Amino acid sequence: VNTATVAGAQDPTPGNNSATDTNTLTPQANLAITKTDGVATYTPGATTTYTITASNAGPSSATGATVADTFPAAITSANWTCVGSGGGTCTANGTGNINQSVNLPSGGSVTFTVTANISPSAAGDLVNTATLTAPGGVTDTTPNNNSATDTDTQAAQANLAITKTDGVTTYTP
């Protein structure tokens, strides 16, 4: 809000000697998300640990941003924890898919650590995507970094066995 005034001794209409300009702040934030499990392959029936970090480079806060991660069918169960940094806040823990409101002040972040159980019958690539959505009223200045995907290929597996016999238990020299 900015007001300018003028004063004069001979002004016949002093009621118009002031003008005000009001501009509404449009919050802007630079939100970003990363996701990795630190490996390039997975083994069916094993577990993997994903690290998902949502951050805000500012300049405005993003109170009520949403972190979402719907796990693929190959993930049979998931447990997660969340820790904030730089003033970022989130729900401390949960199970299953992530769909959480987080608070990201400028310079703040939240990190989800997900322990995911992989189905023994999983096949093909294991593809998992996490997204970060700005809250209403906040403009994200760089929206192309609000999605992160981790892709792992299935590790080669083999169930090898061998037997050998000559059919007898003794030998003659």
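In what follows, the structure referred to is the one given above.
A. Structural view of the sheet that holds strand S14 (residues 147-154). Across the sheet, 5 strands lie side by side as S5-S14-S12-S7-S10; this open sheet has mixed pairing. Only two strands of the sheet have a single neighbouring strand rather than two, namely strand S5 (41-42) and strand S10 (98-104). Here strand S7 (residues 62-69) pairs with S10 via 7 bridges, running antiparallel. Each bridged residue has a counterpart across the sheet, and for Ala68 the counterpart in S10 is Asn99.

B. Representation of the nonpolar core within the structure. Core analysis: the biggest nonpolar cluster contains 29 residues, and Val67, Ile75, Ile98, Leu104, Phe112, Val114 and Leu132 have the highest contact counts within it. Elements represented by at least two residues in this core include exactly strand S4 (31-36), strand S6 (47-56), S7, strand S8 (75-85), S10, strand S11 (109-118) and strand S12 (126-133). Among the elements that line this core, the one with the most residues is S11, at 5 residues. Apart from the residues lying within four places of it in its own chain, the contact partners of Ile75 are Tyr50, Ala116, Asn117, Ile118 and Leu126.

C. Structural context of the state of the cysteines. For the structure shown, the criterion picks out 1 disulfide. The partner cysteine of Cys82 in its disulfide is Cys90, sulfur to sulfur 2.1 Å. Judged by the torsion about the S-S bond (-105 degrees), the Cys82/Cys90 disulfide is left-handed. Residue classification places Cys82 among the buried residues on the basis of a relative accessible area of 7%.

D. Fine view of the packing of aromatic side chains. Applying the stated rule across the entire model yields 1 aromatic pair. A ring pair is formed by Trp80 and Phe112, whose centres lie 5.4 Å apart and whose planes are at 65 degrees; its orientation type is edge-to-face. Of the two residues, Trp80 sits in strand S8 while Phe112 sits in strand S11, which places them 32 residues apart along the sequence. The pair Trp80 / Phe112 is uniform in exposure class, with both members buried. Here the basic side chain of Lys35 rests over the ring of Tyr50, its NZ or CZ set 4.3 Å away from the ring centre.

So, how was this worked out
Residues numbered from 1 in each chain as written. Predicted model: local features only at pLDDT ≥ 70, side-chain atom pairs only at ≥ 80, totals over all residues. Heavy atoms only, no water. Pairing = 2+ DSSP bridges. Helix = DSSP H or I, 4+ residues; strand = E, 2+ residues; numbered from the N terminus. Core = buried A, V, L, I, M, F, W, Y, C linked by side-chain atoms within 4.5 Å. Buried < 20%, exposed > 50% of the residue type's maximum accessible area, 1.4 Å probe, protein only. Contact = heavy atoms within 4.5 Å. Disulfide = S-S within 2.5 Å. Phe/Tyr/Trp six-rings, centres within 6.5 Å; stacked < 30°, edge-to-face > 60°. Lys NZ or Arg CZ within 6 Å of the ring centre and 35° of its normal.

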